[in-house]
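Here is what each chain is made of, one letter per residue.
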Amino acid sequence: MDKVKEVSLKEFFLLVDKSDTKVCKTCTKELYLSWGNITKEMDQALNVIGAFLNSDCYINKNGYTEFHLEGTNYWSESAPIAIAYYPYHESKIRVCNECSAVFLNYTDYSGHAPQNRVRLVRKNLIVLDDCDFDLNIKG
Ligand SMILES: [Zn+2]
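Residues numbered from 1 in each chain as written. Predicted model: local features only at pLDDT ≥ 70, side-chain atom pairs only at ≥ 80, totals over all residues. Heavy atoms only, no water.

(A) Summary view of the pattern of salt bridges. All told, the structure shown has five salt bridges when counted by the stated rule. Measuring nitrogen to oxygen at the nearest pair gives 2.9 Å for the salt bridge that ties D43 to R94. Within this pair, whereas D43 is found in helix α2 (residues 40-45), its partner R94 is found in strand β5 (residues 92-96), the two being separated by 51 residues in sequence. What makes D43 partly exposed here is its relative accessible area of 35%. You can call R94 buried: its relative accessible area is 5%. In this structure, the salt-bridge partner of D108 is R117, at a minimum N-O distance of 3.0 Å. Across this residue pair, the class does not change: D108 and R117 are buried. (Salt bridge = Lys/Arg side-chain N within 4 Å of Asp/Glu carboxyl O. Helix = DSSP H or I, 4+ residues; strand = E, 2+ residues; numbered from the N terminus. Buried < 20%, exposed > 50% of the residue type's maximum accessible area, 1.4 Å probe, protein only.)

(B) Spatial organisation of the packing of aromatic side chains. All told, the structure shown has nine aromatic pairs when counted by the stated rule. With 6.3 Å between their ring centres and 15° between their planes, W35 and Y74 make a pair best called stacked. Here the residue W35 occupies a position in the loop between α1 (9-18) and β2 (36-37), and Y74 occupies one in the loop between α3 (55-62) and β4 (81-82), the gap between them amounting to 39 residues. For the pair W35 and Y88, a centre-to-centre distance of 5.3 Å together with 35° between the ring planes defines the contact as tilted. Placement of W35 in the loop between α1 and β2 and of Y88 in the loop between β4 and β5 is noted, with a sequence separation of 53 residues between them. Residue classification places W35 among the buried positions, given a relative accessible area of 4%. With relative accessibility at 5%, the residue Y88 sits in the buried group. Grouping aromatic residues by their ring pairs yields a cluster made of W35, Y64, Y74, W75, Y86, Y88 and Y106. (Phe/Tyr/Trp six-rings, centres within 6.5 Å; stacked < 30°, edge-to-face > 60°.)

(C) Seen up close, α1. Within the span of α1, buried status applies to L9, F12, F13, L15 and V16. Across the axial projection of α1, the buried residues extend over an arc of 155°, all falling on one side. For α1, the exposed residues set more than 90 degrees away from the buried face come down to L14 and K18. On the buried face of α1, the contacting elements are β1 (6-7), β3 (46-52), β5, β6 (102-108) and β8 (126-127). (Arc of directions from axis to C-beta. Contact = heavy atoms within 4.5 Å.)

(D) Broad picture of α3. By the burial criterion, the buried members of α3 are S55, Y58 and N62. With its buried residues spanning 60° around the axis, α3 presents them on a single face. Opposite its buried face, α3 presents the exposed residues D56 and N60, each directed more than 90 degrees away. Elements that come into contact with the buried residues of α3 comprise β3.

If you want it as structure tokens, here you go:
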């Protein structure tokens, strides 16, 4: 099995900065401000870039713990994208081949048939609490 490429926080932020905010028919990103099930079309359009560098360490440490601020929950459109916490720490990083929007993607197994879920990354929601995957994000 191929090893998944590990993406540092610095590389991740570069991807997010490059992403286009225009409407895109290919990825329909405006429908994925919170987690939603991926469609076949999206699955084909989103290139897999990799997983977060050292994510195993945070999967072990934080397990299924989620990180929230002021009344958000898993489904909130404003829920923080807390990279060290579930389910972000186990997500793959994917990029739309049309508009370069960045998505996170993981398989949810909680009490139902596995669901392949995807969420658009918006920079203002990214939270680095407990996150020292790669402290040189400014370097
Ligand atoms: Zn797109």
